[in-house]
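# Per-entry structural report
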Amino acid sequence: MTDPTATLYIDGAWVPSSTGETRTVTCPADQREVGVVSEASGEDVERAILAARRAFESRVWADEPASARGDLLLKVADQLQERKDEFARAEALDTGKRLVEAEGDMDDITACFRYFGKIADQHPGRLIDAGDDSVISRVVHEPIGVCGMITPWNFPLLQASWKIAPAIAAGNSFVIKPAELTPHTTVLIIDVLDRLGLPAGVANLVLGDGGVVGAPLSSHPEIDLVSFTGGLVTGRKIAGAAAQGIKKVALELGGKNPNVVFADADYEAALDNALNAGFMDSGLLCSAGTRLIVQDTIAERFVDDLVARAEGIVMGGPFDQKAETGPLISQQHRDKVTDYVRRGVEAGARLRIGGHWGGPEHEQGFFYAPTVLDRCTSENPAVVEEGFGPVITVETFSTEAEAIAIANDTEYGLAGGVWTSDSGTANRVSRRLRHGTIWVNDYHPYLPQAEWGGFKMSGVGRELGATGLEEYTEAKHIYENTEPAVTGWFPRTS
Ligand code: NAD
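Residues numbered from 1 in each chain as written. Predicted model: local features only at pLDDT ≥ 70, side-chain atom pairs only at ≥ 80, totals over all residues. Heavy atoms only, no water.

## Things to note about the UniProt feature "active site" (unreviewed entry) in the chain
As recorded in UniProt, the sites labelled "active site" (unreviewed entry) are Glu252. Note that glutamate 252 resides in strand β11 (residues 248–252). The exposure class assigned to glutamate 252 is buried, which follows from its relative accessible area of 5%. (UniProt positions renumbered as here; feature names shortened; annotations may be inferred. Helix = DSSP H or I, 4+ residues; strand = E, 2+ residues; numbered from the N terminus. Buried < 20%, exposed > 50% of the residue type's maximum accessible area, 1.4 Å probe, protein only.)

Listed below in structure tokens is the structure:
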């Protein structure tokens, strides 16, 4: 890639937009210009989808041994570590997140590629006992075909890697569209695939607006699977469009994640992790534990301590050594969070801290101060809606049954935490919470080996783990009769 505005990757070549249009990307921490990228047209997306279809039908990648596909992913992992600084810097500038967080993301992304690289040839299918020695019955996993992938801005490359790695492992072709605000690391990973010799047409990259560039990836007849990570509103549109084409769909949507603290929990650990759960990365994690549900006997002290700790959190840009958390992604996003907090207070919540855009040193960026709203009820819009910002709402409970009922009282079901020193409580509560990931006495860690995804409106399907690979395949039953014989079902009459 030599021309920085030829940043679409279609059929094995870096090309500019067919309209010549470009988009300037800025850093949300200080609005500095980060780069200029091509803005794809509908025609570019069409070319990318058709290139992916041709590559798939040629079997150029699907017929490679699964072990060779896995080897390529392991090489990607090596490249990610070799070029870690370049990737982390690009991610930090696009998102405004702290460099140290972006570096941590690169290690997680590397682990994802390694995991799928290692299991690519560990998915041979299974033999079925047909109850007849003359029959060989087996279930095999075929690549699903052409995958349309759409990703959000909060963890641009991490979310992309959860899709790209299993799609390649399974032998598919794909077209990916990252969020328009944060395209650079997806451009870089495609550069890695290009340099490693992935055949032309297997990976395609289009950049730009969701409605123009993203929408065809869920509606085009040549797309077999659409895998989307983003908000509920967009997820609904994508699911609707995919349903018209009877496409397989995988949706990783938002969350309203409960963090339940029992009075018998390790107090300091629960307090410290409640801060991490809600304020890490400015609360811009789909799994952020922004709904604190604390037992009434300790609630007052716990919330006072939480507020005191939140007051000390330092906001700053990616390269500010003192910063502990970064900005939101845009002014539009900050307006949304501002309105969300205003409506929460109007509905009766008490603003304990935050609710503002920071000090004069934050004026160049889209910062929003860590915010705590207590005295919340489950009907309060700040409790019901995903705020997607550094805002913790507080509710209280007295019994275990009440804690479970409150924590499940949401249309979402992505993740949640339980804090207790009683293993019986931990076991009962974690089994009864209707969320896809439950942390007990911890918050946030995830493993590439373990499935990730949502119950209810948090999504459909799973990423990561063995299921995350299976999502990119179709199961096929092959029934072979080794002793063909006349059945006599329709007897000969002549
Ligand atoms: P978003 O839904 O606004 O955008 C996500 C992507 O969809 C972007 O690439 C956007 O351009 C594209 N898009 C927009 N309209 C489209 C359309 N009509 N057709 C096709 N594509 C379209 O989400 P966002 O604001 O970028 O991301 C934040 C959301 O993502 C939050 O709700 C968060 O919880 C969620 N998220 C979920 C997970 C998870 O694992 N469940 C992970 C990260 C983020």
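Moving on from the coordinates now.
## Some words on the site of the ligand
Near the ligand, the surroundings consist of 28 residues, among which Thr151, Glu180, Thr234, Leu253 and Glu386 are the closest. Residue glycine 230 places a main-chain N or O atom 3.3 Å away from an oxygen atom belonging to the ligand. A distance of 2.6 Å separates an oxygen atom of the ligand from a polar atom in the side chain of glutamate 386. Across the complex, the protein chains shield 87% of the 860 Å² of accessible surface that the ligand would expose by itself. Secondary structure elements with two or more residues in the shell around the ligand: α7 (210–214), β10 (225–229) and α9 (232–244). (Near = heavy atom within 4 Å. Polar contact = N/O pair within 3.5 Å; in protein donor to acceptor, adjacent residues only side chain to side chain. Areas by Shrake-Rupley, 256 points an atom, 1.4 Å probe, with all protein chains shown as cover.)

## Quick word on the UniProt feature "domain: Aldehyde dehydrogenase" (unreviewed entry) in the chain
With numbering matched to this structure, UniProt assigns "domain: Aldehyde dehydrogenase" (unreviewed entry) to residues 14–478. Structurally, residues 14–478 comprises 41% helix and 19% strand, and the distance from its first C-alpha atom to its last is 40 Å.

## So, the packing of helix α3 (residues 84–95) against helix α5 (residues 156–170)
Two elements in contact, α3 and α5, have axes separated by 9 Å at closest approach and are oriented at 115°. Listed contacts from α5 to Phe87, Glu91 and Thr95 of α3 are Pro156, Leu157 and Leu158. In the contact of α3 with α5, the residues fall into 4 nonpolar, 1 polar and 1 charged. (Axes fitted to C-alpha atoms, helices over the stretch in contact; angles between N-to-C directions. Contact = heavy atoms within 4.5 Å. Nonpolar A, V, L, I, M, F, W, Y, C, P; charged D, E, K, R; others polar.)

## As for the packing of helix α2 (residues 66–82) against helix α4 (residues 99–119)
Look at α2 against α4: their axes get within 7 Å of each other, and the N-to-C directions meet at 165°. When the axes of α2 and α4 are compared, the pair comes out roughly antiparallel. Where α2 crosses over α4, the two elements pack in a sense that is left-handed. Of the residues in α4, those touching α2 at Gly70, Leu73, Leu74, Val76, Ala77, Asp78, Leu80 and Gln81 are Met106, Asp107, Ile109, Thr110, Phe113, Arg114, Phe116, Gly117 and Lys118. (Parallel < 35°, antiparallel > 145°, perpendicular 65-115°, else oblique. Left-handed = near helix turned anticlockwise from the far one by under 90°.)

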